[in-house]
Amino acid sequence: MKANKEQWSSKFGFIMAAAGSAIGLGNLWKFPYITGTSGGAVFVVIYIVFLLLLGIPILLSELAIGRYAGMNAIDSCARVHPKWGFAGAFGIIGAFGVMASYSVVGGWVIKYIINSFTDTGMGADYFTEYSAKSFEPILWMALFLIITCAIVTGGVANGIEKVSSVLLPILIVFLVGIMIYCLTLPNAIEGVKFFLIPDFSEITSVSDFMHILFNAMGQVFFSLSLGMGTLITYGSYLPKDNNLAASTVIIVTLDTIIAIISGLAILPAVFSFGFEPTEGFGLIFKTLPAVFSRMSGGTIIAAAFFILVLFAALTSSISLLEVIVSWVCSKTKLTRLKAAIAVTSVIFITSCFASLSVGAIPDIRIGSMSLFEFFSFFSDKIIMPLGGFFICILTGYVWGINNAAKEISNDGKLKFTMRRLFSFAIRYAAPLLIAVIFVSSIISIVQ
Ligand code: PHE
């Protein structure tokens, strides 16, 4: 096992890269549509509770394990306990699953950027027609993968950190502007109510409620890049004096703010233009062009916005690819460049099938889901919660709270004020919650 030699060049750079991994399509694309299909504000409330009970403790544990061991995800877990390398392996499998759907959506975003420049009309039906094509979406998807691969090849400090540090702040400013505009649209208030005022009367059965819990849990894992070694890998590049607890709080706060701003931009627009919040994964691709077409200078704003979405997607996809590449590099003699190309090629093949399953060849299904939906179900509802569960057990029982706290407090140099809460969450609340929601949801799906 060899330790990573690379390190983040600054604290700010690390925060930007880790927040860049967390902030991505999960916030801008997935959060608004899952909120729409999962009952609005009730989902948002549960999501926030899960952030506190699952998100923060697991993220902190992953950073601590990564920095303690200083190796790729699998070897870092194995360093904590030789038999526990498998806890990091979820990342390698999960990253393939996330990348399959991520690159398809990344390709759609690139197409929307091009359309904004060429002024191609993007009415409500446009998305359905476009995503059902066979060749073109694959072309743009390939471009998305090539860009991801090129940045990862640049290495940690030069590639990932530099790109994230510049783009993330611009994205935040831009998104706030769009949110303010959307909030002033006619009837926007209905969207705000849907997003912020929980209506429990809509939930009529236990299975409805379990469905929301399952979605909220999956979204916490997906949005924070948890349970699949990303943050173990990023933590492994951290210097020993970083305040892990403070970094965790900043990353989770930034990620949540972006998700909320995105919800407050998209859902009011959905109501204002008479779309259905339950639209599903095409939601932002149908709603946003309608918003932009009303704005003066809308085409430029649309292009700029989709470029920023692309950047947010890239800062996440590079973290996904990095998980696999750093592992391949440490296990084989391949150079970073060769490893990145090999891994990207495999992802390309799975992503082609995912892309085709959206419309061109709808028969590519697993059960009731298209392959595209299955990949995202498999990664954020199965692999990530399982990975997260094992991280809880590894930290809470195998490594032990004392050892974890030693790492988190930088050998006692920092005060770890939330230690008791952390211990409660990581040993009891989080694993129990994951187990109960996971098992009952799988049972209801299988039935
Ligand atoms: N967190 C990213 C997003 O919200 C997706 C992601 C998941 C990235 C897992 C890395 C690992 O878009």
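Engineer: How would you summarise the overall build of the protein chain if you had to cite specific residues and measurements?
Structural biologist: Scanning the protein chain for helices and strands turns up 17 helices and 2 strands. Expected size for 447 residues packed as a compact globule is a radius of gyration near 22 Å; at 21 Å, the protein chain falls within 12% of this value. Overall size of the protein chain, expressed as C-alpha extent along the three principal axes, is 55 × 50 × 45 Å. Per-residue burial over the protein chain gives 60% buried out of 447 residues. In the protein chain, of all internal contacts separated by at least 6 residues, the share reaching a separation of at least 24 is 81%. Carbon together with sulfur atoms contributes 68% to the accessible area of the protein chain, which is approximately 16800 Å² in total. Across the protein chain, the mean location of the 26 positive side-chain charges is 15 Å away from that of the 22 negative side-chain charges.

Engineer: How would you summarise unusual backbone geometry if you had to cite specific residues and measurements?
Structural biologist: With phi around 50°, Asn-410 is a residue other than glycine that occupies positive phi space. Of note, Asn-410 is situated in the loop between helix 16 (371–408) and helix 17 (419–446). Positive phi outside glycine occurs at Asp-411, with the angle close to 60°. As for its position among the elements, Asp-411 is in the loop between helix 16 and helix 17.

Engineer: Just give me the short version of the packing of helix 15 (residues 336–357) against helix 16, but keep the residues and values in it.
Structural biologist: One way to put it is that helix 15 packs onto helix 16 with a least axis distance of 7 Å and a crossing angle of 125°. Comparing the axis directions of helix 15 and helix 16 gives the class oblique. Facing Thr-350, Phe-353, Ala-354 and Ser-357 of helix 15, the residues of helix 16 in contact are Leu-371, Phe-372 and Phe-375. Of the residues contributing to the contact of helix 15 with helix 16, the split by class is 5 nonpolar, 2 polar and no charged.

Engineer: An account of the site of the ligand is requested, with residue identities and associated values reported.
Structural biologist: Within the structure, the ligand sits among 16 residues, and Ala-22, Gly-26, Tyr-102, Phe-222 and Ser-225 are positioned closest to it. Between Ala-22 and the ligand, the recorded distance is 2.7 Å, taken from a backbone N or O atom to an oxygen atom. Asn-27 is positioned with one of its side-chain polar atoms (N or O) 3.4 Å from an oxygen atom of the ligand. Within the complex, 100% of the 320 Å² of free accessible area of the ligand lies under protein.

Engineer: Give me the pattern of salt bridges: which residues, what numbers.
Structural biologist: Counting across every chain of the model gives 10 salt bridges. With its nearest N and O atoms 2.7 Å apart, the salt bridge here joins Lys-111 to Glu-136. Of this pair, Lys-111 sits in helix 5 (residues 86–118) while Glu-136 sits in helix 7 (residues 135–153); the two residues are 25 residues apart in sequence, bridging distant segments of the chain. Residue classification places Lys-111 among the buried positions, given a relative accessible area of 11%. The shortest N-O distance in the salt bridge between Lys-406 and Asp-411 comes to 3.7 Å. Among the charged side chains, a salt-bridge network with shared partners connects Arg-67, Lys-240 and Glu-407.

Engineer: Any chance you could break down the environment of Glu-190 for me, citing the residues and the numbers?
Structural biologist: Tracing the chain through its elements places Glu-190 in helix 9 (residues 188–196). Among the residues examined, Glu-190 registers a relative accessible area of 31% and is labelled partly exposed. With 78 residues separating them along the chain, Glu-190 and Pro-268 place their C-alpha atoms 6.6 Å apart.

Engineer: Account for the confidence of the model for the protein chain, with residues named and values stated.
Structural biologist: Here the protein chain averages 90 in pLDDT, while 97% of its residues score no lower than 70. Mean pLDDT values over the elements of the protein chain span from 80, in helix 8 (residues 156–183), up to 97, in helix 3 (residues 41–69).

Engineer: Which residues make up the nonpolar core, and what values do they have?
Structural biologist: Counting 158 residues, the largest nonpolar core has Trp-108 and Phe-285 as its most contacted members. Here the element with the most residues in this core is helix 14 (residues 298–331); it accounts for 17 residues.

Engineer: With reference to specific residues and values, describe the environment of Leu-254.
Structural biologist: Checked against the element boundaries, Leu-254 lands in helix 12 (residues 244–272). The spacing of Leu-254 and Ile-15 is 239 residues in sequence and 9.8 Å in space, taken between C-alpha atoms. If we ignore the near neighbours within four places in the chain, the residues touching Leu-254 are Ile-15, Met-16, Ala-19, Ile-23 and Ile-172.

Engineer: Tell me what's going on with the packing of aromatic side chains, and back it up with residues and numbers.
Structural biologist: One pass over the full model with this rule turns up 32 aromatic pairs. With centroids separated by 5.1 Å and ring planes inclined at 35°, the aromatic side chains of Trp-84 and Phe-86 adopt a geometry described as tilted. For Trp-84, a relative accessible area of 14% puts it in the buried group. Among the residues examined, Phe-86 registers a relative accessible area of 35% and is labelled partly exposed. Note on Phe-292 and Phe-305: the rings are 5.7 Å apart at their centroids and 50° apart in plane angle, and the pair reads as tilted.

Engineer: Could you give an account of helix 6 (residues 124–131), with specific residues and numbers?
Structural biologist: For helix 6, the complete set of buried residues consists of Tyr-126, Phe-127, Tyr-130 and Ser-131. One side of helix 6 carries all its buried residues, which in axial view fall inside an arc of 110°. Turned more than 90 degrees away from the buried face of helix 6 sit Asp-125 and Glu-129, all of them exposed. The inward-facing, buried residues of helix 6 contact helix 5, helix 7, helix 13 (283–294) and helix 15.

Engineer: Account for a nonpolar patch on the surface, naming residues and giving values.
Structural biologist: Together, Tyr-397, Val-398, Phe-424, Tyr-428, Leu-432 and Val-436 make up an exposed nonpolar region whose accessible area comes to about 570 Å². Among the secondary structure elements, those contributing two or more residues to the nonpolar patch are helix 16 and helix 17. Here the nonpolar patch gets 4 residues from one element, more than from any other, and that element is helix 17. One can find Tyr-428 in helix 17. On the basis of relative accessible area, Tyr-428 is assigned to the partly exposed category, the value being 41%.

About the criteria used
- Residues numbered from 1 in each chain as written.
- Predicted model: local features only at pLDDT ≥ 70, side-chain atom pairs only at ≥ 80, totals over all residues.
- Heavy atoms only, no water.
- Helix = DSSP H or I, 4+ residues; strand = E, 2+ residues; numbered from the N terminus.
- Rg over C-alpha atoms; globule rule 2.2 N^0.38 Å.
- Buried < 20%, exposed > 50% of the residue type's maximum accessible area, 1.4 Å probe, protein only.
- Contact = heavy atoms within 4.5 Å.
- Areas by Shrake-Rupley, 256 points an atom, 1.4 Å probe, with all protein chains shown as cover.
- Lys, Arg positive; Asp, Glu negative; His and termini not counted.
- Charge placed at Lys NZ, Arg CZ, Asp CG, Glu CD.
- Axes fitted to C-alpha atoms, helices over the stretch in contact; angles between N-to-C directions.
- Parallel < 35°, antiparallel > 145°, perpendicular 65-115°, else oblique.
- Nonpolar A, V, L, I, M, F, W, Y, C, P; charged D, E, K, R; others polar.
- Near = heavy atom within 4 Å.
- Polar contact = N/O pair within 3.5 Å; in protein donor to acceptor, adjacent residues only side chain to side chain.
- Salt bridge = Lys/Arg side-chain N within 4 Å of Asp/Glu carboxyl O.
- pLDDT = per-residue confidence, 0-100.
- Core = buried A, V, L, I, M, F, W, Y, C linked by side-chain atoms within 4.5 Å.
- Phe/Tyr/Trp six-rings, centres within 6.5 Å; stacked < 30°, edge-to-face > 60°.
- Arc of directions from axis to C-beta.
- Patch = residues over 30% accessible without salt bridge, like charges linked within 9 Å, V, L, I, M, F, W, Y side chains within 5 Å.

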